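The chain contents come next:
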Amino acid sequence: GAVVSQHPSWVICKSGTSVKIECRSLDFQATTMFWYRQFPKQSLMLMATSNEGSKATYEQGVEKDKFLINHASLTLSTLTVTSAHPEDSSFYICSVPLQGHMNTEAFFGQGTRLTVV
Amino acid sequence: GIQVEQSPPDLILQEGANSTLRCNFSDSVNNLQWFHQNPWGQLINLFYIPSGTKQNGRLSATTVATERYSLLYISSSQTTDSGVYFCAVGGTASKLTFGTGTRLQVTL
């Protein structure tokens, strides 16, 4: 399967600071990547679609000014949590769709556990 | 939006037992995947199965798209099977809606 690398795996930051999370597709180029968030004991929720060469598309209820997404190249998308607060503490994980001949299968990075203190 | 429900929410098995996990979804889909989330949070791809049946070792899955459900079978469970199992569905845009998850604990 496709290899998706996410960095860092975990980060602790102070309230009010910003944190950048990187998602890299190591095997192939991706014009689209996706960012999800998971709170403890809950399911994963799609936050936004990262589009190479254009603005990200955010899901309803996700603040685009707080969660800045930049699809810098065909292999890299970054999520920046700006002015982080404790309620932003969560598990953030990216996915890259691998488009095959007959299907599109999603592969996920290792995830980033963010703790805001 | 599409609703995805999984059952049971929690499952405790003794090592060696078999189990069936179910995923119901509320609308037609182009993509259905099963994942195992390990204790570190990583999502492991188990099956891409929008329809039909697939098998991989002790695991198999069946999706009946016309009836909007999918089943994941785990046979001869091992402690390493513990974790949370998610099904996720999607349309043509490649983004996924995750189910509620089944938390599996396999004991010795």
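None of these values were measured; they are calculated from a predicted model.

Draft legend 1. Just the layout of surface pockets, in detail. Taken as a whole, the largest pocket holds about 660 Å³ of empty space. Taken together, 27 residues make up the lining of the largest pocket; nearest its centre are Met45(A), Leu46(A), Ile2(B), Leu96(B) and Thr97(B). When contributions to the lining of the largest pocket are tallied by element, the ones reaching two or more residues are strand S5 (44-51) of chain A together with strand S1 (4-7), strand S9 (83-90) and strand S10 (96-98) of chain B. Top contributing element to the lining of the largest pocket by residue count: S5(A), with four residues. The residue makeup of the lining of the largest pocket, split by class, is 12 nonpolar, 11 polar and four charged. The volume enclosed by the second largest pocket comes to roughly 460 Å³.

Draft legend 2. Local environment of the nonpolar core. All names here are of chain A. Membership of the largest hydrophobic core comes to 25 residues, with the highest contact counts inside it found for Cys23, Trp35, Phe67, Leu79, Tyr92, Val96 and Leu114. Sorting the residues of this core by element identifies strand S2 (10-13), strand S3 (19-25), strand S4 (32-38), S5, strand S7 (67-73), strand S8 (76-81), strand S9 (90-99) and strand S11 (112-116) as the ones contributing at least two each. Setting aside anything within four residues of it in sequence, one finds cysteine 23 in contact with Val4, Ser5, Gln6, Met33, Trp35, Thr75, Leu76, Ser77, Cys94 and Val96.

Draft legend 3. Broad picture of the sheet that holds strand S7 (residues 59-64) of chain B. Residues and elements named next belong to chain B. Strand order in the open sheet made by the five strands is S1-S3-S8-S7-S6, with antiparallel pairing throughout. The open sheet has two edge strands with one neighbour each: S1 and strand S6 (52-56). Taken pair by pair, the neighbouring strands of this sheet meet at an average axis angle of 15°, ignoring direction. For strand S3 (residues 19-25) and strand S8 (residues 69-74), the ladder comprises six bridges, and the chain directions are antiparallel. Along S8, the bridge assignment pairs asparagine 24 with tyrosine 69.

Draft legend 4. Layout of the state of the cysteines. Evaluated as defined, the whole model comprises two disulfides over all chains. Here Cys23(A) connects covalently by a disulfide to Cys94(A), the sulfurs 2.0 Å from one another. Between Cys23(A) and Cys94(A) the sulfur-sulfur dihedral comes to about 80°; the bridge is accordingly right-handed. Taken together, the positions of Cys23(A) in strand S3 and Cys94(A) in strand S9 put the pair 71 residues apart, joining distant regions of the chain. A relative accessible area of 0% places Cys94(A) in the buried class. In this model, Cys23(B) is linked to Cys87(B) through a disulfide, with the two sulfur atoms separated by 2.0 Å. Judged by the sign of its S-S torsion, about 70°, the cystine formed by Cys23(B) and Cys87(B) is right-handed. Taken together, the positions of Cys23(B) in strand S3 and Cys87(B) in strand S9 put the pair 64 residues apart, joining distant regions of the chain. Like Cys23(B), the residue Cys87(B) is buried in the burial classification.

Procedures and definitions
- All residue numbers refer to positions counted from 1 along the written sequence of the respective chain.
- Working convention: letters from A go to chains and numbers from 1 go to ligands, in the order in which they are written.
- Reporting of local features is limited, given that this is a predicted model, to residues whose pLDDT is at least 70; pairs of side-chain atoms are given and counted only at 80 or more, and all residues count toward the totals for whole chains, interfaces and linings.
- As a rule here, side-chain values cover all heavy atoms of the structure and leave hydrogens and water aside.
- Detection works on a 1 Å grid of protein atoms alone, calling trapped sets that fit a 1.4 Å probe cavities and calling open sets with protein on both sides within 12 Å along at least five of seven lines pockets, with lining residues defined by an atom within 4 Å of a point.
- Grid points are joined across faces, edges and corners, and a volume is the space filled by probe spheres set on the points.
- Starting at the N terminus, helices and strands are each numbered in turn, a helix being any DSSP run of H or I of at least four residues and a strand any DSSP run of E of at least two.
- Gly counts as polar in this scheme, as do all residues outside two lists: the nonpolar Ala, Val, Leu, Ile, Met, Phe, Trp, Tyr, Cys and Pro, and the charged Asp, Glu, Lys and Arg.
- Put simply, a nonpolar core is a bunch of buried Ala, Val, Leu, Ile, Met, Phe, Trp, Tyr and Cys residues held in one set by side-chain atoms that sit within 4.5 Å of each other.
- Burial classes: relative accessible area under 20% of the type maximum marks a residue as buried, over 50% as exposed, and values in between as partly exposed (1.4 Å probe, protein chains only).
- Two residues form a contact once any of their heavy atoms are found within 4.5 Å.
- At least two DSSP bridges between two strands are needed for those strands to be called paired.
- To get an axis, a line is fitted to the C-alpha atoms, and for a helix only the part in contact is used. The angle between two axes follows their N-to-C directions and goes from 0 to 180 degrees.
- Any two cysteine sulfur atoms within 2.5 Å of one another count as a disulfide.

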